[in-house]
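Now for the letters of each chain:
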Amino acid sequence: MDSKPFHFAVYTAVCATAFIALTHLGLALQDELSAAVVWLGVPKLVLLTDAATIHTLWVGTLSVHAAVGAVAPILGYTLLTTNISSASRIAPGGAVVALEIKWSEYLKNSLALLAGSIAGLLSAPSALGLVAAAGATAYVLLRTLGVFKSGFELIERPERFDASARQYLADAIAKVDFDVSRESASAELKALNHVLEELIPRAPSGHVERVTLRLGDPFRPTQFLGVAKRGVETLRSEAEKLGYRLYAVRAPLIARLPRGKRGYFSVERVEQAERSTSSAPAIGADLAIEPAAVKRLQTILEESISYGPSQWVDDITRMPMLIQRHVATVIYEAIPNQRPHDLAYGLDVLGQLIDSVQDIHRTNNPFGLDEFDWVYDIPLFVSNQIGCVEHSRMLYARELADFLRARLAKWLSEPELDQMSAAYIRLLAQLLRSFLPSDASGAEYIALVIREIPAFVGTRRVEALALIQRALILVLVDKKLASIGHSKDRRMIVRTISEVLRYSPSFEKSLSAQAETLISALAVPLFLAEGDDAYKAHVSDVLGGLFEDRYSELPFSDLLETIPRISEINERWKWSWWELDQKERGQAHFMSMDLWLTRAAAVALARESWRLKHMDDREIPNEQTLGALLRAVGSEDGWVDLLPDLTAQSVKAMVHPLQELLERRQAIVRNQVAMAPLSPEKLGEFVSQQMNDVKRTLVHHNEWLRDAGVIDVDDRLDETHQAGVNRLLPREWFVSDEALDIPIVVTGTHVGQALVDFEIKRVLETLKAVRKPVAETSSATDMRIWEHVHGAIDRGVRRLLIIGAGISEYDSYAEYARARDHAKDVGAEIRFESVRQTSELGKGVLVLDVANGFRIVRKQPVLVEMPLYREVLPLTLGGAVSDLIEISSEMQQNWTREMTEADAKEALARYANSVLSRTVWSFLIQSADPNATAFFSISEAESDAEAGEIDSAG
């Protein structure tokens, strides 16, 4: 609520009370006044004791007061505003005049005194009240003369008007409330949380993945108004359709949701959520949340929550409207009208306004790119306009550069690099590139601007200096400097890069940042030189200027440490984004800046490549670093020819030392692996993943057969088939990452389907041995096979298994689909399994009534070896056992007993560095009713002949 009307009412009441008190005091002293008049002996003063005379004089005083205090200032204000509006550029002319002549204060005093005088007259006119009214009128007369005097001085002295205009803008900004009010936050948050709590449950304590869904209008700062219940219901149901279960994490949610604000929700895969209980352990960590699903949920969430501008948002948006209307207009019109002084004046005022906002926030840089986008948009507009200037372009560019540099001088003293500072640095870099080659001293001025910036930068601002160095590198490789005539300018830019490294505190203390700058400054011209020979001169300039100047100050080890961080450097310096800009749009291409950065690092190392031959085992880099260097140096695409001859020879000479170092390092790692203990976590993770695969296949297969009543469990059975999958796995898979140069992510193998296929094959072999083929056919589509299938379904067989030997369901897909639909119509189940054709099985199709054709007896496998890690599946679920065991000397002797000496030696070396992975289970297939089985043999010769006839006909 605006307090000005309230203050005016109080002030008026005080004036009225004072006048009423004075006039009543005059009435109380009326007798004394009459005696004083008689004593003075002045006859005309007797009129002051006459009530009618006092009333008449008081009314006249009021008339003069009203005329002078209202009509004259209004006319004068109109006159002053008319004369000064043409000169008003950065602020409304009338508003500036009102501020200068203190119009609001004058009007307040005049009206309050007038109202008080009227109140005194209406109360009880007296001589003392008349004197007070006359005094108020005299004050208004004198104050009016002062108003006119200030107004005419404002016209005669433009510098005073400019100061008043600036003060007006500062006052306007001071009235903006930059602090977000939280008065209604609790109620709004309660409303949002009520709907979420009603429709989306809280996350259980089991494993959930927390993802970020943006909340709020993505285009402007907004305030939460309400939430559509139907929209949240849609959000939940859509999550279920996508295979997820959504949970609300309401603690971080807030009521006021400006652009890009984040809210956190927990999301689970449905397979994982079905097993999550309040006491469940963390499961399903390998089930990642798909970004496309999150994006879909985000869209629904934005549509379900409504927003509107708050008073704070209105205040924030009103300020840039004021600035755009006046200050920005002066700036925007300066360049088209060729008025550089107006540009300097407008930017100076803009800087003052920015300072005003900073004073309110009491911080160096409170600006975000959302609420205060005008702070960036106005200089950006000027920068874009400068490119269209035909005359005096450098004059305008330098004015803008000075403005940007002055802002950075204040902002870069903060400990963190904020968005606006980074945006101003990028804008300054874009502007500096426009200096080329419009001015003979363009490169000198660029160097001058850049040299001053590091002096403003604190010791923790490496990010800002990296942006500055990136800008200089892009200036260096600008096409305008690609000709031979600009070699002096290129050398000056290279020298400036070196000076920033040398004299800025941040870079001086960060050797890694210096190394990043060196390899970036060489990688970019190398990349360009591959497609344009003109950039070979840039490569020579960097090698001759920057490397010769800086390399001796960088330890060899710091340059080596940059190799594993190449991708990180590329991301931080945004070189891949720059590479995309160099490519033609709409064409696919490989991103190569990681490779060029590695090559640049190899060139830097080549300066002291002799160190590679004298490294002891502790100094040798890891395999990943050596491998990356070898790939870069040993590449045969001819990139080394882009370097000067001596440098190219040094780079090529690194290949042999690097290969020797790699062999030494690999031997060290092998020894570390042999000595390192196995990691229980990796062992357990591998076996668990392998068992999970078994559960997804074998358990499903076992459940289907158990429901048909053909599964028996008997641990007393002696005659069973114990089968499984055994594999030798490298020991390095299971040691701790500390013993390895390149960490290995252990994943279980897909063995579950192999177990099912083997069991199905044993069923086929067992039943085929007791049942002769009922017919020989030439194709899996033979109607005799499928008539038998349909007949079995019609006879009431409720579970039918079709096993194809060398035949898949797709070889007879249409017939199988019709049989499947037939079974579904009568409530039966049909299943098609394929096994590999062998000489014993032949090629054919087995149709089997599951409930009557066979039985499977399961028994727990007998394993005598002590495992490193083991998981056992219950017999009711298949009885499989998955484990990892170390290969004992007895096992090695048994396995190599029949080998030759050479083969045994090679095998023993492999066994010493391996771990045995086993997945086994024990079962027995028993034939039940042979009449429930029908095997149709398929003649391959006839089938091939038929195929040949089709081909020839085709």
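Below you will find a few notes about this structure. (Residues numbered from 1 in each chain as written. Predicted model: local features only at pLDDT ≥ 70, side-chain atom pairs only at ≥ 80, totals over all residues. Heavy atoms only, no water.)

1. Re the sheet that holds strand β8 (residues 775-777)
Taken in spatial order, the 5 strands of this open sheet run β8-β16-β11-β9-β10, and their pairing is mixed. Of all the strands in the sheet, the pair left with one neighbour each is β8 and β10 (829-835). For this sheet, the mean angle separating the axes of adjacent strands, direction not counted, is 20 degrees. Pairing geometry for strand β9 (residues 799-805) and β10, over 7 bridges, is parallel. By the bridge assignment for β10, Ile802 is matched with Phe832. Against the sheet, helix α32 (residues 752-770) engages β9, β10, β11 (844-849) and β16 (933-938), with an angle of about 95 degrees to β10. (Pairing = 2+ DSSP bridges. Helix = DSSP H or I, 4+ residues; strand = E, 2+ residues; numbered from the N terminus. Axes fitted to C-alpha atoms, helices over the stretch in contact; angles between N-to-C directions. Contact = heavy atoms within 4.5 Å.)

2. Some details on helix α9 (residues 229-241)
Spanning 13 residues, α9 covers 19 Å between terminal C-alpha atoms, matching the ideal 18 Å at 1.5 Å per step. For α9, the full list of buried residues reads Gly231, Val232, Leu235, Glu238 and Ala239. Around the axis of α9, the buried residues are gathered within 125 degrees of arc, so they sit on the same side. Residues Arg230 and Lys241 are exposed on α9 and point more than 90 degrees away from its buried face. Two residues or fewer after α9 comes Gly243, characterised by a positive phi angle close to 90 degrees. (Expected span 1.5 Å × (residues − 1). Buried < 20%, exposed > 50% of the residue type's maximum accessible area, 1.4 Å probe, protein only. Arc of directions from axis to C-beta.)

3. Some thoughts on the packing of aromatic side chains
Any pair of aromatic rings gets described here by the distance separating the centres and the angle formed by the planes. Scanning the entire structure with this criterion turns up 14 aromatic pairs. On the numbers, 6.3 Å between centres and 50 degrees between planes, the contact of Phe403 with Tyr424 is tilted. Of this pair, Phe403 sits in helix α16 (residues 393-411) while Tyr424 sits in helix α17 (residues 419-433); the two residues are 21 residues apart in sequence, bridging distant segments of the chain. Classification of Phe403 by relative accessible area gives buried; the value is 7%. A centroid spacing of 6.2 Å and a plane angle of 15 degrees characterise the contact between Trp573 and Trp575, whose relative ring orientation is stacked. By the burial criterion, Trp573 is buried, and Trp575 matches it. An aromatic cluster of at least three residues, connected via ring pairs, comprises Phe527, Trp573, Trp575 and Trp578. The ring of Trp575 carries Arg470 above its face, with NZ or CZ at 5.0 Å from the centroid. Stacked on the ring of Trp596, the Lys or Arg Arg599 has its end atom at 4.6 Å from the ring centre. (Phe/Tyr/Trp six-rings, centres within 6.5 Å; stacked < 30°, edge-to-face > 60°. Lys NZ or Arg CZ within 6 Å of the ring centre and 35° of its normal.)

4. Considering the side chain of Asp849
The residue Asp849 is located in strand β11 in this model. No salt bridge is formed by the buried Asp849; its nearest oppositely charged neighbour, Arg795, is found at 7.2 Å. The contacts of Asp849, once residues within four sequence positions are left out, are Val797, Arg799, Leu800 and Ala932. (Lys, Arg positive; Asp, Glu negative; His and termini not counted. Salt bridge = Lys/Arg side-chain N within 4 Å of Asp/Glu carboxyl O.)

5. Quick word on the pattern of salt bridges
Evaluated as defined, the whole model comprises 25 salt bridges. Residue Glu765 is joined to Arg762 by a salt bridge in which the shortest nitrogen-to-oxygen separation is 2.7 Å. Here Glu765 pairs with Arg762, and both are found in helix α32, just 3 residues apart, close to one helical turn. Judged by its relative accessible area of 27%, Glu765 is partly exposed. For the salt bridge of Asp782 with Arg784, the shortest nitrogen-to-oxygen distance reads 3.2 Å. Among the residues examined, Arg784 registers a relative accessible area of 42% and is labelled partly exposed. Linked through salt bridges whose partners overlap, the residues forming this network are Glu516, Arg565, Glu568 and Arg572.

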